[in-house]
Each structure stands twice: as C-alpha cells, then as structure tokens.
Amino acid sequence: MGTSTIEVQNVHKRFPDGTLALEGVSLQVQAGEFVSLVGPSGCGKSTLLRILAGLETATSGSVSLNGHLPSAPQSRQDMAFVFQEPTLMPWKTVLHNVALPLELRGTPLAEREARARRCLELVGLGARAGAFPRELSGGMKMRVSIARALVTEPKVMLMDEPFGALDEMTRQRLNDEVLGIQQATGATVVFVTHNMFEAVYLSQRIVVMTPHPGRIAAVLDVPEAYPRDARFRGSDLYGKRVFQVLQILEGHPAPPDAPAPLAGVPA
Ligand code: ADP
C-alpha cells in the first residue's frame, strides 16, 4: 500500500439543531485506493464526504488530505467532488461545461479546451463536445459531470451517490467506466452509495456505517482481483460479499478483515 492520502481522526459532527450526524469516526484511505461509504439513509455518509471536501467542518476531531486541511488551497487543487445531480450549466456546451473548472483557475483557452476534450474522450463523449446538456440522456449528463471533475487532474475524487438516479444497465456501465478512469488516473476515490452491489463491485474496502448517531460499524476488505469485470458480477463471491455487508448492517458484524471464504456465510 502507498502512503495514506486521507486521514480522519475521531471526528464528531453536531449540526446547530443538535443532530449528532457523526460520532467518533476514524478512517485512513491510502493513495490510489477505492473506498465506498455505505449504510442506510441518515448514517452520515454525505456529511463525512462533505467534511472531506471542506464543504462542512467537523465539530471535533481532525481531517487531513495529504497532510493539509480540506479547506486548504492545496486540498482544493488536489480534489474534485461529483454530486448526485450532474449540475451542468444549460447554456454552455458539453465542452465548455467540462472546461469550466479550468476557466475558473485562469487556464488559457486553448489548453483548457484541449484538456476538456481529453476528459470527454475518457468518458466516451468525445463526439458530443458541441452538444448542450438538454440534448443528453441522464447517463451522458453524469459522464459530463465526471469529465468536469477529471479536468483538473485531481488526486482525490469524492463521489456522492453519483449513479443513484440512473437505470441499472446505465449504472453498471458507468461503474465500469469509473473503474477504468480510476485505473488510468491513479486517483484515490471515496464513493458514497446505499447500493451494496455497487459498493462491492467498485471497492477495495467498504466502510459500513450505521445511523443515530452516524458511526463506522465495520470496514470490510474486498480482496478480489482489481479492477473488477463482468466475471466478478457473475461469481458466487460477489453475492457473498454483498450478504456480508447486509449482515453487518443488521447487527451481525463479520470481522472487519474476514478472509475469503467468508466465515458464517452459507456456501
Ligand atoms: P446520509 O448521507 O447517510 O443519508 P447525511 O450525512 O445526509 O446521511 O445525514 C446524517 C444525519 O445528519 C441525518 O440525521 C440528517 O438528517 C442530519 N443532517 C444532515 N445535514 C444536516 C444539516 N445541515 N442540519 C441538520 N441536520 C443535518
């Protein structure tokens, strides 16, 4: 394993209305790792991701990205956030939407358009650079949103349930694309989802969270060969890993480092 990129130490988050969204959360994510946060609605997944992004601050505890606070200029350079909604500018073309973060950074026009085109190629939308968002399907819009996140060449990608609104086939295709992108860029990814299948397919480790207050119930290794492909989706082990996550959520935690084959899971 490489050096730790993300360090979360004993983080508590209490909102002004008194809601304790996170209690005693500690987590390390290594450089280049793909980690998912899973758990039922309200367990603090988005809050934790937003704290990593510097969009919220922890009430106590510490968070660092490559040794910097999430709000530090270096962290803002190093990270990109992909929201649940693609949030594209309807009046800008696909190319100009993708180039926008570079425009905001003052990158010269020719360079930002060249980089935006490369990112559109990476998400399979090279031919749609001149289209407007209204001309695209939901899956394509999400691809544009991912291309826009990639354009700054982030070391860390924080993804907040990006495929929740998509149909199953599109979601699976985009899961494969995200794995391809992660391999190509070497980015560290923290991915929020409440879909256990998606989490198992994508992740090298799964952080299983439980609500009231939001806590980490277990951190599960998914040691199967990486990146994954259709054979993994069809394997028995895939279903068993999903079952293992569900068992933890139902209060029957397997050891966090349970080796395969899985103890306590029917064959
Ligand atoms: P998840 O992403 O797992 O669904 P969230 O992180 O969105 O969970 O929310 C965790 C808890 O914090 C929930 O009880 C939610 O209602 C509460 N919460 C989230 N944002 C706020 C806020 N801005 N003010 C008050 N409570 C909030």
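Model, not experiment: these values are computed from the prediction.

## A short note on the pattern of salt bridges
Applying the stated criterion across every chain, the model contains 13 salt bridges. Put simply, Arg233 and Asp176 hold a salt bridge, and the shortest N to O gap is 3.6 Å. One end of the pair, Arg233, is in helix 8 (residues 230-233); the other, Asp176, is in helix 6 (residues 168-185), with 57 residues separating them in the sequence. Here the salt bridges do not stand alone but share partners, grouping Lys13, Arg50 and Glu56 into one network.

## Some details on empty space enclosed by the protein
Overall, the coordinates contain one cavity of 30 Å³ or more when judged by the stated rule. Of the pockets and cavities examined, the largest cavity occupies roughly 40 Å³. Together, Leu150, Met157, Met159, Val178, Ile181, Gln182, Thr185, Ala187 and Val189 line the largest cavity. Secondary structure elements with two or more residues in the lining of the largest cavity: strand 6 (156-160) and helix 6. The biggest single contributor to the lining of the largest cavity is helix 6, with four residues. Across the lining of the largest cavity, the residue classes break down as seven nonpolar, two polar and no charged.

## Some words on the site of the ligand
The environment of the ligand is made up of Phe15, Asp17, Thr19, Ala21, Pro40, Ser41, Gly42, Cys43, Gly44, Lys45, Ser46 and Thr47. In the model, an oxygen atom of the ligand is placed 2.9 Å from a nitrogen or oxygen of the Lys45 side chain. In this structure, Ser46 approaches the ligand through a main-chain N or O atom, which is 2.9 Å from an oxygen atom. Protein burial of the ligand: of its 560 Å² of free accessible surface, 63% is covered by the chains. A per-element tally of the shell around the ligand places helix 1 (residues 45-52) first, with three residues.

## Considerations on the environment of Glu198
Tracing the chain through its elements places Glu198 in helix 7 (residues 196-202). Given the relative accessible area of 3%, Glu198 is considered buried. For the pair Glu198 and Ser235, spaced 37 residues apart in the sequence, the C-alpha separation amounts to 14 Å. If we skip the residues at most four places from it in the chain, Glu198 touches Phe163, Arg171, Asn175, Phe191, Thr193 and Tyr238.

## Observations regarding helix 4 (residues 109-122)
For helix 4, which comprises 14 residues, the first-to-last C-alpha distance of 20 Å matches the rise-based estimate of 20 Å (1.5 Å per residue) to within 8%. Among the structural elements, helix 3 (94-104) and helix 5 (138-150) are those in contact with the buried residues of helix 4. Just downstream of helix 4, Gly124 is the residue with a positive phi angle, here 75 degrees.

Procedures and definitions
Residues numbered from 1 in each chain as written. Predicted model: local features only at pLDDT ≥ 70, side-chain atom pairs only at ≥ 80, totals over all residues. Heavy atoms only, no water. Salt bridge = Lys/Arg side-chain N within 4 Å of Asp/Glu carboxyl O. Helix = DSSP H or I, 4+ residues; strand = E, 2+ residues; numbered from the N terminus. 1 Å grid on protein atoms, 1.4 Å probe; cavity = no way out; pocket = protein on both sides within 12 Å on 5 of 7 lines; lining within 4 Å. Points joined across faces, edges and corners; volume = space filled by probe spheres on them. Nonpolar A, V, L, I, M, F, W, Y, C, P; charged D, E, K, R; others polar. Near = heavy atom within 4 Å. Polar contact = N/O pair within 3.5 Å; in protein donor to acceptor, adjacent residues only side chain to side chain. Areas by Shrake-Rupley, 256 points an atom, 1.4 Å probe, with all protein chains shown as cover. Buried < 20%, exposed > 50% of the residue type's maximum accessible area, 1.4 Å probe, protein only. Contact = heavy atoms within 4.5 Å. Expected span 1.5 Å × (residues − 1).

Geometric descriptors of this kind do not, in isolation, establish any biological role.
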